[in-house]
Amino acid sequence: MGETNSDSGSDNDQGPNGSNNDVEMKFSSAAATIDPSVVSSRIFQSASLQNQNQPTNQLKDENDEVVEQPHFPKLSAVQASGNKVEYRRVRCPPHRYTPLREHWEQILTPLVEFLKLQVRFNTKTRSVEMKTSKHTIDTGALQKGADFVSAFMLGFEVQDAVALLRLDDLYVESFQVTDVKMLHGDHLSRAIGRIAGQDGKTRYAIENATRTRIVIADHRIHLLGSYANLRVARNAICDLILGAPPGKVYNNMRSVAKRMSERY
């Protein structure tokens, strides 16, 4: 009986130890197996990291020999145009002559210091003339400057028009009230009044909701903003021209403002 008890005790001791050993072997064997695809991807990744760590002016040819990459200095705007000086001229309307004279310093500073352009005002033709110089680096600086001055001539504030120089996805769109619906006399005046609203309330609501700027110059309407925001503002203005009540437009603008706040 003592022998059987000792044998049974030994069997019980070996059972758990044996099962633990089996589990440990299973875990160790699972950790030892390596997927070949993982290894190859890691090799490719390490090779790409080594290529990224190499200097930008050094490349490797087919024989894995380091070849120096030629470095060319950046061309200025005059050199890119074949050493030809480019000009732009923006005419000043009569009603913008006085604002231009008052804000001339604010207009001149970004054109000269930021875009490196040469600017002058021709009193005979009453137009702002710009041209590139040897200091102009950006090839699109002249066009940006012309867009900036043109936006100011349309009636936008200097602070709003300067955004055209800093951001690339801003556009200016213009259309007439009669392009949406042929209106004459008092009907045209009432349509313009619906767009502006009492003390400009409707216009400010559309501007704040769509993050755009709107200028109402008689029967012409000018918009400044990004492409998507211009479309929303244009649709709201067209609804007002067609006779939609301002309350309905306010509700639409409120929902648009909520969507934009959630998006950004």
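Everything numeric here is computed off the predicted structure, so don't read it as measured data.

A short note on the overall build of the chain
Part 1 of the reasoning: Of the regular secondary structure elements, the chain holds 13 helices and eight strands.
Part 2 of the reasoning: Counting all 264 residues of the chain, 28% fall into the buried class.
Part 3 of the reasoning: Put simply, 57% of the contacts in the chain that link residues at least 6 apart link residues at least 24 apart.
Part 4 of the reasoning: Looking at the chain as shown, the accessible area adds up to about 18,000 Å², and 52% of this sits on carbon and sulfur atoms.

Looking at the packing of aromatic side chains
Part 1 of the reasoning: Overall, the coordinates contain two aromatic pairs when judged by the stated rule.
Part 2 of the reasoning: Consider the rings of Trp104 and Phe121, whose centres lie 6.3 Å apart with planes at 70°: the pair is edge-to-face. Here Trp104 is found in helix α5 (residues 104-114), whereas its partner Phe121 is found in strand β4 (residues 118-122), with 17 residues between them in sequence.
Part 3 of the reasoning: Taken together, Tyr97, Trp104 and Phe121 form an aromatic cluster joined through their ring pairs.
Part 4 of the reasoning: Directly above the aromatic system of Phe152 lies the positively charged group of Arg96, at a separation of 4.5 Å from the ring centroid.
Part 5 of the reasoning: A cation over an aromatic ring shows up here: Arg126 above the ring of Tyr97, its NZ or CZ 4.1 Å from the ring centre.

Considerations on the pattern of salt bridges
Part 1 of the reasoning: Overall, the coordinates contain six salt bridges when judged by the stated rule.
Part 2 of the reasoning: Across the salt bridge formed by Lys144 and Asp168, the nearest N and O atoms sit 3.7 Å from each other. Placement of the pair is Lys144 in helix α6 (residues 141-154) and Asp168 in the loop between α8 (163-166) and β6 (171-176), with a sequence separation of 24 residues.
Part 3 of the reasoning: Asp160 is paired through a salt bridge with Arg213; the nearest N and O atoms lie 3.5 Å apart. With Asp160 in helix α7 (residues 158-161) and Arg213 in strand β7 (residues 213-217), the pair connects residues that are 53 residues apart, well separated along the chain.
Part 4 of the reasoning: Given the relative accessible area of 32%, Arg213 is considered partly exposed.
Part 5 of the reasoning: Each member of the salt-bridge network shares a partner with another, and the members are Arg89, Arg120 and Glu129.

Side note on unusual backbone geometry
Part 1 of the reasoning: Of note in this structure, Arg126 is not a glycine but carries a positive phi near 50°.
Part 2 of the reasoning: Of note, Asp218 is a non-glycine position whose phi angle comes to about 60°, a positive value.
Part 3 of the reasoning: For Asp218, the position within the fold is in the loop between β7 and β8 (220-225).

Focus: the pairing of strand β5 (residues 127-131)
Part 1 of the reasoning: Of all five residues in β5, four are buried; the element is thus mostly enclosed.
Part 2 of the reasoning: Looking at chain direction, β4 and β5 are connected through five bridges and run antiparallel. Following the sheet pairing, Arg120 is matched in β5 by Glu129.
Part 3 of the reasoning: Connecting the antiparallel pair β4 and β5 is a turn made up of four residues, with Arg126 showing a positive phi of about 50°.

Considering the packing of helix α10 (residues 186-196) against helix α12 (residues 227-242)
Part 1 of the reasoning: Packing of α10 against α12 brings their axes to within 8 Å, and their N-to-C directions diverge by 140°. Judged on the interaxial angle alone, α12 and α10 are oblique. Crossing handedness for the pair α10 and α12: right-handed. On α12, the residues touching Ala191, Arg194 and Ile195 of α10 are Ile237, Leu240 and Ile241.
Part 2 of the reasoning: Here the contact of α10 with α12 is built from residues that sort into five nonpolar, no polar and one charged.

A closer look at the environment of Gln106
Part 1 of the reasoning: With respect to the element layout, Gln106 can be found in helix α5.
Part 2 of the reasoning: Its relative accessible area of 39% is what places Gln106 among the partly exposed residues.
Part 3 of the reasoning: A C-alpha to C-alpha distance of 9.0 Å links Gln106 and Gln159, two positions 53 residues apart in sequence.
Part 4 of the reasoning: Excluding anything up to four places from it in sequence, Gln106 contacts Val158 and Gln159.

Here's the deal with the environment of Asp147
Part 1 of the reasoning: Its location among the elements puts Asp147 in helix α6.
Part 2 of the reasoning: Among the residues examined, Asp147 registers a relative accessible area of 36% and is labelled partly exposed.
Part 3 of the reasoning: With 17 residues separating them along the chain, Asp147 and Leu164 place their C-alpha atoms 7.3 Å apart.

Focus: the packing of α10 against helix α11 (residues 201-210)
Part 1 of the reasoning: Direction vectors running N to C along α10 and α11 enclose 50°, while the axes themselves pass 5 Å from each other. By the criterion of interaxial angle, the relationship of α10 to α11 is oblique. Packed against α10, whose contacting residues are Arg194, Ile195 and Ala196, the element α11 presents Lys201, Thr202 and Arg203 at the interface.
Part 2 of the reasoning: Residues that form the contact of α10 with α11 fall into these classes: two nonpolar, one polar and three charged.

Here is what the cut-offs are and how they apply
Residues numbered from 1 in each chain as written. Predicted model: local features only at pLDDT ≥ 70, side-chain atom pairs only at ≥ 80, totals over all residues. Heavy atoms only, no water. Helix = DSSP H or I, 4+ residues; strand = E, 2+ residues; numbered from the N terminus. Buried < 20%, exposed > 50% of the residue type's maximum accessible area, 1.4 Å probe, protein only. Contact = heavy atoms within 4.5 Å. Areas by Shrake-Rupley, 256 points an atom, 1.4 Å probe, with all protein chains shown as cover. Phe/Tyr/Trp six-rings, centres within 6.5 Å; stacked < 30°, edge-to-face > 60°. Lys NZ or Arg CZ within 6 Å of the ring centre and 35° of its normal. Salt bridge = Lys/Arg side-chain N within 4 Å of Asp/Glu carboxyl O. Pairing = 2+ DSSP bridges. Axes fitted to C-alpha atoms, helices over the stretch in contact; angles between N-to-C directions. Parallel < 35°, antiparallel > 145°, perpendicular 65-115°, else oblique. Left-handed = near helix turned anticlockwise from the far one by under 90°. Nonpolar A, V, L, I, M, F, W, Y, C, P; charged D, E, K, R; others polar.

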